[in-house]
Amino acid sequence: MIQQILFLLTLLGFAIILRKRIVQISRTIRLGRDVKIDGPTSRRFRNMLLVAFGQKKMFSRFIPAFFHFLIYIGFLVINIEALEFIIDGLAGTHRIFAPYLGGFYTVLMNVFEFLAVAVLVACVVFLIRRNVLKLPRFWSAEMTAWPRLDANIILITEIVLMLAILKMNAADQILQHREPQHYPSTGKLMFSSILIPVLEGYSTSFLIFVERFAWWFHIIGILAFAVYITYSKHLHIFMAFPNTWFARLQPAGYISNMPVVTREVKSMLGLPIEEPGTNEPPGRFGAKDVNDLPWTSLMAAYACTECGRCTSECPANITGKKLSPRKIMMDTRDRLEEVGRNLQNGGNGLDDGKSLLDHYITREEINACTSCNACVEACPVLINPLEIILELRRYVVMEESGAPASWNAMFQNLETNFAPWKFSAADRFNWAKD
Ligand code: SF4
Ligand code: SF4
């Protein structure tokens, strides 16, 4: 009974912490500008199914995709076992499903163990890749101490959790023979039975301690993991789903218009103006801080996996410019978190004397972007770092007239010659003379 009460209190404690964190994240995302979500639902559903659930874009790089897929499947399937843990914990039972499922329970447990070993191997491969092989994209400038540590913490935690499952099952199998009235049979379990010779010589009370310790360790580990990922890049496990659902459906090269500017141009050209509500004055042209960005971009910042595929394809980054699209997403999230903390502590929120532009992302970075969309194409969860870069640039150009001098010459040519070059529109076909 004491164990049941303890379990219930643990569960409630973690649920309260998790709820508080979810409320804080959703509050910061809602700071973003409203955005019209259009396009067919079927396409959005397809994106979510193929890209988030099916990991389609990950497979453009097969080896990491394969190991990532093992972890992903392991995460999905092994968590079904957590359901039994929770029922056992609340009801004070032990392996409640075993007597009902019989032989199928043995199959199920063997599948879980197989996946546990697969996850373990994949995590070791990823640790080697990051820390021994030192893949350049995991060691670039924005991958400072915390992002690197964050990735390692998760990989090591997953290894320890998987080992706990195997150890628990090994101790359990020995106890099934010694005290069958308390330990229902699981049948032979493929991987954990390898550990039986190591534990067999120990006393029953010690094995009960090992089994219980591993059980509590595993369930508390899962609950703590659920809270931890809300502070980590691993939040992508959940955020990838809404992010792929709300991802833009227009072709990659499509640059969204600003309704107030469209209205001005249409009225100058004498064209009909259909968009309702576009005659309201804009709060600000472009974006200086996170609240000027569409809420979908803020959500994307929480969906970023920090994989660096975008940066590894970015021509500006490859040619040594300061720009990294991954850093753009990481900075947006860091600023959002800062504003969230300000609000939670009753502080000034956005009015803390800082802003996304300049305090996190520099003008040198945004000016280096060629708007080629390579980062958008590379992202395995359909994030669009370019959207944020363009909004920041719009602010600099339209609110501060702060474009570099060479750009101003181009703007002037566009205005007078309707082309970026310094030739009159009348001379456009000179090349075709004779
Ligand atoms: S759009 Fe900009 S940030 Fe993205 S890959 Fe191209 S240059 Fe880099
Ligand atoms: S934006 Fe996409 S590609 Fe870039 S680091 Fe984040 S998840 Fe990876």
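Residues numbered from 1 in each chain as written. Chains lettered and ligands numbered in written order. Predicted model: local features only at pLDDT ≥ 70, side-chain atom pairs only at ≥ 80, totals over all residues.

Caption draft 1: Spotlight on the overall build of the protein chain. Looking only at helices and strands, the protein chain has 19 helices and 0 strands in total. Expressed along its principal axes, the backbone C-alpha trace of the protein chain runs to roughly 95 × 50 × 40 Å. For the protein chain, buried positions account for 30% of its 434 residues. Within the protein chain, contacts between residues separated by at least 24 positions form 75% of all contacts whose residues are at least 6 apart in sequence. (Helix = DSSP H or I, 4+ residues; strand = E, 2+ residues; numbered from the N terminus. Buried ≥ 20, exposed ≤ 12 C-beta atoms within 10 Å, placed from the backbone. Contact = placed C-beta atoms within 7 Å.)

Caption draft 2: Seen up close, the site of ligand 2. Around ligand 2, the structure places 15 residues, and the nearest of them are Cys-304, Cys-307, Cys-310, Arg-326 and Cys-379. Elements with a minimum of two residues in the shell around ligand 2: helix H12 (309-313) and helix H14 (325-344). For the shell around ligand 2, the element with the highest residue contribution is H14, accounting for 3 residues. Considering only residue class, the shell around ligand 2 consists of 10 nonpolar, 2 polar and 3 charged. (Near = placed C-beta within 6 Å. Nonpolar A, V, L, I, M, F, W, Y, C, P; charged D, E, K, R; others polar.)

Caption draft 3: Up close: the packing of helix H5 (residues 103-131) against helix H6 (residues 145-178). Axis separation between H5 and H6 bottoms out at 9 Å; the angle between their running directions is 150 degrees. Taken together, H5 and H6 sit at an angle that is classed as roughly antiparallel. Here the hand of the crossing between H5 and H6 comes out left-handed. On the side of H5, the interface is formed by Glu-113, Ala-116, Val-119, Leu-120, Cys-123, Val-124, Phe-126, Leu-127 and Arg-130, while H6 contributes Ala-151, Asn-152, Leu-155, Glu-158, Ile-159, Met-162, Ile-165, Leu-166 and Asn-169. Of the residues assigned to the contact of H5 with H6, the class counts are 13 nonpolar, 2 polar and 3 charged. (Axes fitted to C-alpha atoms, helices over the stretch in contact; angles between N-to-C directions. Parallel < 35°, antiparallel > 145°, perpendicular 65-115°, else oblique. Left-handed = near helix turned anticlockwise from the far one by under 90°.)

Caption draft 4: Broad picture of the site of ligand 1. As a matter of local geometry, ligand 1 sits amid 15 residues, with Cys-314, Cys-369, Cys-372, Ala-374 and Cys-375 nearest to it. Within the residue set of the shell around ligand 1, elements represented by two or more residues are helix H13 (315-318), helix H17 (374-378) and helix H18 (385-400). For the shell around ligand 1, the leading source of residues is H18, giving 3 residues. When its residues are assigned to classes, the shell around ligand 1 shows 12 nonpolar, 3 polar and no charged.

Caption draft 5: Main features of the domain arrangement of the protein chain. Per the domain assignment, the segments of the protein chain are domain 1 (2-30 + 61-244) and domain 2 (254-426). Measuring from the centre of the C-alpha atoms in domain 1 to the corresponding centre in domain 2 gives 40 Å. At the interface, 20 residues of domain 1 touch 24 residues of domain 2. Considered class by class, the residues forming the side of domain 1 that touches domain 2 number 9 nonpolar, 6 polar and 5 charged. (Domains from an automatic or database assignment.)

Caption draft 6: Quick look at unusual backbone geometry. The phi dihedral of Lys-134 falls on the positive side, at around 50 degrees, and the residue is not glycine. As for its placement among the helices and strands, Lys-134 is situated in the loop between H5 and H6. Of note in this structure, Ser-401 is not a glycine but carries a positive phi near 45 degrees. Checked against the element boundaries, Ser-401 lands in the loop between H18 and helix H19 (405-417).

Caption draft 7: Seen up close, the environment of Glu-399. With respect to the helices and strands, the residue Glu-399 is situated in helix H18. Glu-399 gets classed as partly exposed once you count the C-beta atoms within 10 Å, which come to 13. Put simply, Glu-399 and Ala-287 are 112 residues apart on the chain and 9.6 Å apart in space, counted from C-alpha to C-alpha. Contacts of Glu-399, omitting those with residues within four sequence positions, involve Arg-284, Phe-285 and Gly-286.

Caption draft 8: Representation of the environment of Arg-27. You can see Arg-27 is positioned in helix H1 (residues 2-29). Note: C-alpha distance between Arg-27 and Glu-211 (184 residues apart in sequence) is 41 Å. Residues contacting Arg-27, with those up to four places away along its chain left out, are Gly-340 and Leu-343.

Caption draft 9: Quick peek at helix H2 (residues 41-53). Listed in full, the buried residues belonging to H2 are Asn-47, Met-48, Val-51 and Ala-52. In a view along the axis of H2, the buried residues occupy a sector of 105 degrees, so they form one face of it. Exposed and facing more than 90 degrees away from the buried side of H2 are Ser-42 and Phe-45. The elements touched by buried residues of H2 are helix H9 (236-246). Positive phi appears at Gln-55, one or two residues downstream of H2, with a value of about 60 degrees. (Arc of directions from axis to C-beta.)

Caption draft 10: A look at the packing of H1 against helix H8 (residues 204-228). Interaxial distance between H1 and H8 falls to 9 Å at its minimum, and their mutual angle equals 10 degrees. Our classification of the angle between H1 and H8 gives roughly parallel. Handedness of the H1/H8 crossing: left-handed. Together, Thr-10, Phe-14, Ile-17, Leu-18 and Arg-21 of H1 and Ile-220, Leu-223, Ala-226 and Val-227 of H8 make up the contact between the two elements. Looking at the contact of H1 with H8 residue by residue, the classes come out as 7 nonpolar, 1 polar and 1 charged.

Caption draft 11: The arrangement of the nonpolar core in detail. Within the largest apolar cluster, 49 residues are counted, with the highest numbers of intra-cluster contacts made by Met-299, Ala-303, Cys-375, Cys-379, Val-381, Ile-383 and Leu-392. Elements that contribute at least two residues to this core include exactly H2, H9, helix H11 (295-303), H14, helix H15 (356-359), H17 and H18. When sequence neighbours within four positions are dropped, the list of residues in contact with Met-299 reads Ile-29, Met-239, Pro-242, Asn-243 and Phe-246. In terms of nonpolar packing, the next biggest core, distinct from the first, is built from 25 residues, Cys-123, Ala-151, Ile-165 and Leu-189 among them. (Core = buried A, V, L, I, M, F, W, Y, C linked by C-beta atoms within 7 Å.)

Caption draft 12: Geometry of the environment of Leu-175. The topology assignment puts Leu-175 in helix H6. Leu-175 sits in the partly exposed class, given 19 other C-beta atoms within 10 Å. When sequence neighbours within four positions are dropped, the list of residues in contact with Leu-175 reads Tyr-183, Leu-207, Ile-208 and Glu-211.

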